[in-house]
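Observations on the three-dimensional arrangement
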Amino acid sequence: MKPTMMQTNRPALQGLRREPNPARAALRRRRIPQPQLFLTVEMLCRGRIRRRRRLSGMYSSEGGRETKPSAWDLWSQQFVGTGTSTRTWFQEKILTVHLFGLLGAAPTASAPWKLDPKQTGTPNGRQNISANAPIVLSDSDSDSEGFREEPTPTHSKSNGKASSDSLKTGGKASSDSLKTGGKASSFSNGEAGKGGKTFSAGKGGKGSASTAMPAKSDAELKLELDMPSNSRILMNCEATELLQQIHEHMAILSEDPKIKIPESFDRTFQFAKEGNHFTSAKSVKEVLDPLKKSGVTDGEICMIANIGPETIEEVYALVPSLKATRSLNEDLITEALTALANIKAPK
Amino acid sequence: MVFLLADMSWNVLISPDQLSSKGLLLRKSILVRLLEDIANRKASKEHGYYIAVNELKEISEGKVRELTGDVLFPVTFTCITLKPMKGEILVGSVEKILKHGVFLKSGPIENVFLSEKTMNDYKYIGGENPMFMKDHSKLEKDTVLRFKAMGFRWMEADRQFQLLATLAGDFLGPL
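The present account deals with the structure reproduced in this document. (Residues numbered from 1 in each chain as written. Chains lettered and ligands numbered in written order. Predicted model: local features only at pLDDT ≥ 70, side-chain atom pairs only at ≥ 80, totals over all residues. Heavy atoms only, no water.)

Time to look at unusual backbone geometry. All names here are of chain B. Even without being glycine, Lys-42 reaches a positive phi, approximately 60°. Positive phi, close to 70°, is recorded for Asp-142, a residue that is not glycine. Looking at where Asp-142 falls in the secondary structure, it is placed in the loop between strand 11 (137-139) and strand 12 (144-155). The exposed category is assigned to Asp-142, whose relative accessible area is 53%. (Helix = DSSP H or I, 4+ residues; strand = E, 2+ residues; numbered from the N terminus. Buried < 20%, exposed > 50% of the residue type's maximum accessible area, 1.4 Å probe, protein only.)

Next up, the structure:
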C-alpha cells in the first residue's frame, strides 16, 4: 500500500484501510482544504464511519485525542444524540441538505442529525409536551385551537424535517404550545406552580391531547368570579323569576314576527327552572344576607344558593374558599342551611 | 354558570325607511332592532350568553350618519346573561360518551368536556351502549351529574364557550 497523506497521520488505521484506487489517491494528493467542497458520497460515508468509530473509542491508542466532552457538547447532545460530536453534526447537516437533496435518499433512522423526539427537549429543560401519548377524539365539528395542548401537529413536523430548522421547530413547538396556553388564559390556573398540567380537548380534526391533571388540585379549585363592570350577580332563584316573567310576555311578543328572542332563552329557562330548589327568591335572599357580614362574598353566597346543599360538609367541600374562614362562618352557614331547608321546594 | 344582570349599551342603527313621522313607531323599531341585534350576537366573552333583555333604560339622541342616511341611537339597557365561571359547581346531562371522556350539556353550553382521567375509578365499558361504570353508579346518556368547572374557553369563531369539567372532589358525580 502506498503511504498517503492521510494514512501517515493515522498509524492505527493501516490495518483497516482497503487498497485505495488511484483516482482517489490522486484526489487526496491534491490536498483539498477544509471544508471539503468537492466530496463524493463514499468519502462522506467513510468519514462518518471513521468518526463514529473514533468517538466510540475503537481507536484506544488515540486516547489523548478524545478529550473530555465540553459543556457545549453535553448540552448539544440532547439534540444531536450521543453518537456524534456537535461539530460533526453541524457539518453533516449542511452536507446532507445538499447531498441528499441531490441523491433523493431519505435520511435514515441512524442519522445523527435527525431529531430523536425522545431526546429532544426545550432549552430550558422543561418537559416536552409532545412526548405525551396523544389521544385523538375525532368527533365534533368545532375546532380546538385554544386548548393548551398541541402535540401531534408539531410532533410530526419536527420528525419530518431534516434541516437546520428542525431544531428551531422543536423549540418553537413547545413555545407555541405554551403561547396557546397563554391565550387560553382562563385555563391557566392560579396554581401555576404545578408543572406538566395539560388538558385534553380533542374536538375537531386537530384535537389530540392528553390529560395529566393532579386530582388533588381540582377539588381545591376556588371560584374565580370574572364579572364585567356594571353587572350584578343573580342567584338561580332570582333569575328564574325574572325569566318566568319574560316568558309570559313572550307569548304576546312572539305574535309579532319581527321580534327576535335569543336562541338560548328556552334552554336557559329550562336550566334555571331545574336548578332552582326554592320556592321564593326573596326569602332565600333574606336567609343568606346575614352571611355577607361575616365576609362571605357574593359569589360564594350565589354558589350556596345554586347548589342547594344539605349538609355543612357539602358546602365546605364544594366551595373551598369558605374553608379559610371556617371558624367565623360555620355557625352562620349551619343556621342558613336549616332555614333554607324550610323553604326548599319539593321536587 | 352564573346569572348576571348586566348594564349594557349598544348603538342601534335605524335605516331611513323606518324613520316615520310617528314617534311611537320609531321607538318600537329601535326596540325591535335592539332585540334582533342581541339575538344575533348570541354571546360575548365579557358578559357570557345573552339570555334576555330585561329593561330599557334610555334611548339617547340619534346621530345621523352622513353618507348612508341611517340614524344611530345609543341605547342603554339591562340584560340577563349567563356566564360560566371557573371553579363553579354545575349540573349537566351526558350527551356523548367516548373512550377518553364524556361530553356534557349544561344550560346553553353544549360543549362541556369531562376527561376520563378526572373521573376517578370510573371505567369505560364500550359496546352498543357505551358507559362509564364504578361500583354501582353508571354514567350513561342523559345521566344528570354534578361537576366542577375547571376552566372555560371562549371561541370567537362559533361565539360560544367551551367548558372543561372535573369529577375530582367530594359530592361530585351522578345525582
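Read on, since the account is not over.
Before going further, it helps to spend a moment on the sheet that holds strand 9 (residues 123-125) of chain B. Residues and elements named next belong to chain B. Pairing within the open sheet is antiparallel, and its three strands lie in the order 9-10-11. Looking along the sheet, the strands with just one partner apiece sit at the ends: strand 9 and strand 11. Geometrically, the sheet is characterised by an average inter-axis angle of 30° between neighbouring strands, direction not taken into account. Here three bridges tie strand 10 (residues 131-134) to strand 11, and the two strands are oriented antiparallel to one another. Following the sheet pairing, Met-133 is matched in strand 11 by Lys-138. (Pairing = 2+ DSSP bridges. Axes fitted to C-alpha atoms, helices over the stretch in contact; angles between N-to-C directions.)

So, on to the packing of aromatic side chains. Residue and element names in this part refer to chain B. Taken as a whole, this structure holds six aromatic pairs over all chains when the rule is applied. Ring plane angle 55° and centroid distance 5.6 Å describe the contact between Tyr-49 and Phe-161, whose orientation is recorded as tilted. Of this pair, Tyr-49 sits in strand 3 (residues 48-59) while Phe-161 sits in strand 13 (residues 160-166), and the two are 112 residues apart along the sequence. Residue classification places Phe-161 among the buried positions, given a relative accessible area of 0%. Arranged with centres 5.0 Å apart and planes meeting at 55°, the rings of Trp-154 and Phe-161 form a pair that is tilted. (Phe/Tyr/Trp six-rings, centres within 6.5 Å; stacked < 30°, edge-to-face > 60°.)

Note that every value here comes from positions in space, so none of it alone points to a role or purpose.
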